[in-house]
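Chain by chain, the residues run as shown.
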Amino acid sequence: MEAAPASQSFFLLCILLFSAAHLSFGSVTYDRKALIINGERRILFSGSIHYPRSTPDMWEGLIQKAKDGGLDAIDTYVFWDLHEPSPGIYNFEGRYDLVGFVKLVQKAGLYLNLRIGPYVCAEWNFGGFPVWLKYVPGISFRTDNGPFKMAMQRFTQKIVQMMKDERLFQSQGGPIILSQIENEYGSESRDFGAAGHAYITWAAKMAVDLNTGVPWLMCKQEDAPDPVINTCNGFYCDYFSPNKPYKPTIWTEAWTGWFEDFGGPIHHRPVEDLAFSIARFIQKGGSFVNYYMFHGGTNFGRTAGGPFITTSYDYDAPIDEYGLPRQPKYDHLKELHKAIKLCEPALVASDPTVTNLGNYEQAHAFSSKSGQCAAFISNFHLDTSATVKFNNMRFELPPWSISILPDCRNVVFNTAKVAARKSEAQMLPTSVRTLSWETFSEDPITNVDSKKITVVGLLEQLNVTRDASDYLWYTTSINISPTESFLHGGGKPILTVDSAGHGLHVFINGQSSGSAYGTRGNWKVAFSSSVNLHAGMNTIALLSVSVGLPNVGHSFESWSTGILGPVTIHGLDHGIWDLSRQKWSYNIGLKGEAMNLASPMQISSIDWIHESFVANKQQPLTWFKTYFNAPLGNQPLALDLSSMGKGQVWINGQSIGRYWSVYATGTCSGCSYAGTYRQHKCLHGCGEPTQRWYHVPRSWLKSTQNLLVVFEEIGGDASGISLVQRSLTYV
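Residues numbered from 1 in each chain as written. Predicted model: local features only at pLDDT ≥ 70, side-chain atom pairs only at ≥ 80, totals over all residues. Heavy atoms only, no water.

(A) Structural context of the overall build of the protein. Broken down by element type, the protein carries 13 helices and 40 strands. Its C-alpha atoms give the protein a radius of gyration of 29 Å, near enough to 27 Å, the size a compact globule of 731 residues would have. Taking as baseline every contact in the protein between residues at least 6 positions apart, the subset at least 24 positions apart corresponds to 73%. Only carbon and sulfur atoms are counted for the fraction: they give 53% of the accessible area of the protein, which is about 28,800 Å². (Helix = DSSP H or I, 4+ residues; strand = E, 2+ residues; numbered from the N terminus. Rg over C-alpha atoms; globule rule 2.2 N^0.38 Å. Contact = heavy atoms within 4.5 Å. Areas by Shrake-Rupley, 256 points an atom, 1.4 Å probe, with all protein chains shown as cover.)

(B) Region of interest: the sheet that holds strand S24 (residues 494-499). Across the sheet, which stays open at both edges, the four strands sit in the order S27-S24-S29-S30 with antiparallel pairing between neighbours. Here the strands that pair on one side only, and so sit at the sheet edges, are strand S27 (525-530) and strand S30 (575-578). For this sheet, the mean angle separating the axes of adjacent strands, direction not counted, is 15°. Of the pairings in the sheet, the one linking S24 to S27 comprises six bridges and is antiparallel in character. For Val497, the partnering residue across the bridge sits in S27 and is Phe527. (Pairing = 2+ DSSP bridges. Axes fitted to C-alpha atoms, helices over the stretch in contact; angles between N-to-C directions.)

(C) Spotlight on helix H8 (residues 271-283). The end-to-end C-alpha separation of H8 is 18 Å, in line with the 18 Å expected for 13 residues at 1.5 Å each. The buried count for H8 comes to 13 of 13 residues, which makes it a mostly enclosed element. Residue Gly285 follows H8 closely and has a positive phi angle near 110°. (Expected span 1.5 Å × (residues − 1). Buried < 20%, exposed > 50% of the residue type's maximum accessible area, 1.4 Å probe, protein only.)

(D) Molecular detail of the UniProt feature "domain: Beta-galactosidase beta-sandwich" (unreviewed entry) in the protein. The UniProt record annotates "domain: Beta-galactosidase beta-sandwich" (unreviewed entry) at residues 362-418. When the span residues 362-418 is considered, its composition is 0% helix and 53% strand, and the gap between its end C-alpha atoms is 22 Å. (UniProt positions renumbered as here; feature names shortened; annotations may be inferred.)

(E) Examining the pattern of salt bridges more closely. Enumeration according to the criterion identifies 29 salt bridges in this entry. With a shortest N-O distance of 3.0 Å, Asp351 and Arg32 are connected by a salt bridge. With Asp351 in the loop between helix H10 (344-347) and strand S13 (353-356) and Arg32 in the loop between strand S1 (28-30) and strand S2 (35-37), this pair connects stretches of sequence that are 319 residues apart. A relative accessible area of 43% means that Arg32 is categorised as partly exposed. Here Asp470 ties to Arg658 by a salt bridge, and the two come within 2.7 Å at their closest N and O atoms. Taken together, the residues span a long stretch of sequence, with Asp470 in the loop between helix H11 (461-465) and strand S23 (471-480) and Arg658 in strand S36 (residues 654-660) at a distance of 188 residues. With respect to burial, Asp470 and Arg658 carry one shared label: buried. A cluster of three or more residues bridged by salt bridges with shared partners is formed by Arg42, Asp72, Lys341 and Glu344. (Salt bridge = Lys/Arg side-chain N within 4 Å of Asp/Glu carboxyl O.)

(F) Spatial organisation of the state of the cysteines. One pass over the structure, following the stated rule, counts four disulfides. Across the disulfide from Cys373 sits Cys408; the S-S distance is 1.8 Å. Given an S-S torsion of about -80°, the disulfide between Cys373 and Cys408 has left-handed geometry. Taken as a pair, Cys373 in strand S15 (residues 373-379) and Cys408 in the loop between strand S18 (401-405) and strand S19 (413-414) lie far apart in primary sequence, 35 residues in all. Judged by its relative accessible area of 26%, Cys373 is partly exposed. Overall, the relative accessible area of 1% leaves Cys408 in the buried class. One disulfide in the model links Cys671 with Cys682; its S-S distance is 1.9 Å. Sign of the S-S torsion, about 75° for the bond between Cys671 and Cys682, identifies this disulfide as right-handed. With Cys671 in the loop between S36 and strand S37 (683-684) and Cys682 in the loop between S36 and S37, this residue pair connects regions lying 11 residues apart in the sequence. (Disulfide = S-S within 2.5 Å.)

(G) Region of interest: the confidence of the model for the protein. Summarising the model, the protein shows a mean pLDDT of 94, and 95% of its residues fall at 70 or more. Across residues 1-23 the pLDDT falls below 50, and counting only partners more than four positions away or on other chains, this stretch makes zero contacts in the model. (pLDDT = per-residue confidence, 0-100.)

(H) Local environment of the side chain of His267. Structurally, His267 is set in strand S11 (residues 266-267). Here the side chain of His267 touches Glu260 through a polar contact of 2.6 Å, side chain to side chain. Engagement of the side chain of His267 in a polar contact is seen with the backbone oxygen of Gln679, the distance being 3.3 Å. In this structure, His267 is in contact with Trp258, Phe259, Glu260, Asp316, Tyr677, Gln679, Cys682, Leu683 and His684, ignoring residues within four places of it in sequence. (Polar contact = N/O pair within 3.5 Å; in protein donor to acceptor, adjacent residues only side chain to side chain.)

(I) Representation of the packing of helix H2 (residues 56-68) against helix H4 (residues 98-107). Where H2 contacts H4, the axes come no closer than 10 Å and their chain directions differ by 35°. Where H2 crosses over H4, the two elements pack in a sense that is right-handed. Along its contact with H2, which presents Trp59, Glu60 and Ile63, the element H4 presents Gly100, Phe101, Leu104, Val105 and Lys107. Taken together, the residues that form the contact of H2 with H4 break down as five nonpolar, one polar and two charged. (Left-handed = near helix turned anticlockwise from the far one by under 90°. Nonpolar A, V, L, I, M, F, W, Y, C, P; charged D, E, K, R; others polar.)

(J) Spatial organisation of the packing of aromatic side chains. Applying the stated rule across the entire model yields 50 aromatic pairs. Centre to centre, the rings of Tyr51 and Phe101 are 5.8 Å apart; their planes meet at 40°, and the pair counts as tilted. With Tyr51 in the loop between strand S4 (44-49) and H2 and Phe101 in helix H4, the pair connects residues that are 50 residues apart, well separated along the chain. Residue classification places Phe101 among the buried residues on the basis of a relative accessible area of 0%. Measuring from centroid to centroid gives 5.9 Å for Trp473 and Phe507, while their planes differ by 50°, and the two rings are tilted. With a gap of 34 residues between them, Trp473 in strand S23 and Phe507 in strand S25 (residues 503-508) connect regions that are remote in the sequence. Each member of the pair, Trp473 together with Phe507, is buried. Taking NZ or CZ as reference, Lys158 lies 4.3 Å from the ring centre of Tyr90, over its face. (Phe/Tyr/Trp six-rings, centres within 6.5 Å; stacked < 30°, edge-to-face > 60°. Lys NZ or Arg CZ within 6 Å of the ring centre and 35° of its normal.)

(K) Highlighting helix H7 (residues 194-208). Over its 15 residues, H7 runs 21 Å from end to end, which matches the ideal 21 Å to within 8%, given 1.5 Å per residue. Buried residues of H7: Gly196, Tyr199, Ile200, Trp202, Ala203, Ala204, Met206 and Ala207, and no others. Check the buried side of H7 and you find it contacts helix H5 (146-165), strand S7 (176-181), helix H6 (186-192) and strand S8 (216-219).

(L) Quick look at the domain arrangement of the protein. Annotation of the protein at the domain level lists domain 1 (42-326), domain 2 (343-418), domain 3 (424-440 + 595-730) and domain 4 (443-589). Using only C-alpha atoms to locate each centre, domain 2 and domain 3 end up separated by 49 Å. If you look at the interface, domain 2 gives five residues, while domain 3 gives four residues. Broken down residue by residue, the surface that domain 2 buries against domain 3 is led by Leu382, Trp400 and Ala416, which jointly contribute 89%. Put simply, domain 2 and domain 3 have zero salt bridges between them. Summed over the shared surface of domain 2 and domain 3, the result is one residue pair in polar contact (both at pLDDT 80 or more). When grouped by side-chain class, the residues that make up the side of domain 2 that touches domain 3 number five nonpolar, no polar and no charged. (Domains from an automatic or database assignment. Buried area = accessible area lost by both parts, 1.4 Å probe.)

Quick look at the structure:
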């Protein structure tokens, strides 16, 4: 008889546990006003932090800074090329630990928007597509194409199932409240016509059928099929309305700044204008804002796309590349978020009543049935302050600004009045001293090895390298008659090379004859220079250089890279000699890459030479290596590579990325926050290297004997390389 009460207690306990578990599950729906999370309309602020653009030891701190800055959610793309480098071979380790990143977001008590894509753009190599995808038979990217849709669906299902297995969707009690399929497809859809519309219809249905329990988004997609929500990306989105009246107004990318390309100036978006754009969006009925980027980070390795995108992806974001708050942007936005959150009950309960207060001035007032009131008072004039009357009170408004009144009476925030102090970043020397440098030089004459390909004619670079390296050697030989006039006092012959991009180094008989590069605006390379040829056989070696694969554009997978010709010699007795159709040998990459010189585990068969910088500091195609001890402390670190030319750099086998000390050109002048912002406004850094400092994650360092390897393409002074630490001062 004693057993019955115990059984009943156990039964009741099971019911309670089941109920608690059931109640911990969340629901995410929407109506025309906002996302509805667990039955409650929400005004939400989110920020983009891309997990592979930082290191796992940085993730928790970045997420916490985002939360401290007033964010409710984190947003990230999913990078297909990193996770499936070969068909069916997956990598979710280290910087690619997507599940680990999402769980840290959950630990911080934030939501997450998972933008699966799997096309991401993002100034990322090949737009996030793995290069092997280009070579699937019969494929055409991002259209109504069977092979592409099959591959896209398989990867999307893979990611969704991983999230489900870890119970990471809000419907399972996890942090993911939104997912995105495709990305900025609107212009592509128009280019593809009916096939584009069929594809986007398929993509939406495929995503919804995965039954994640959370809404799906499509950004910049006016015809996003129900129930998918179409959203806005841009510097301003107050003009935007969703394609159906029952969908909420969502801003998936509020651009906090802009990206840099090698040879271009540095972008800056004033926080007064950024805050103004957010307030404009909210007062027009917007309910979800994601900052792109909140932390930009670093394009480690060869992940930068473009081409010509810098290794730094700082983006003038509220948290800088190194993980430090950028002031006053960070604190000013934090105060903006606080002010808008005070207005949330009224904002989600009603549509605004709009009152014109002048030629450039308006009031947007919101009120709830329970009596809550909030107002946004705006002045759109570019250079004149305004005094306006609202609710029988007078308010002063600076130019191009909005004041926020959570009770319709008292101003708690104005977008143009910045109270936060400004931070200035300094790169300070450390006590680190490198040990002696050693060098190894690539030999253009012997670059062709047993893996060479020899064919008649010129080949497209990516078709040969499959992006295994930035470098492809094109080598041929020509026989010069001893009777040629130039050998007897005439002018030297001229070699011309036309390349589809992105860079070119020319070697004649092992000696450098010059280099040429394209630009972000014009990738093509045109080389023309006199060359030293001798009687008999001459070797012409052309090193074609990629600076990242394209990440945006119609059918960009079909675009060409490398030397497609013509390649000609002018000034010979018999006229122009077209070398384009003769035999060429091709060798992928550098000898140093094949020997894995950057790896600390490498057992080299070569003899490194102790370097004398006086004699050889400008030698092209040179590998440098040295060792150094890590500095004490926890300040962020960077390499100053301003003494070098162009190349790549590794620390302990980890690729920091591409470097290039090319000087920025453009129009750098004063910066006013007022007026419509575009990426050509508020530029600085003209006449200086676009990027001088390269982020070195502290987690990549040991206390002693850190291996630093640099490959220099055009010649540089490695003795000028230094390790510096980033510090902030406030003014």
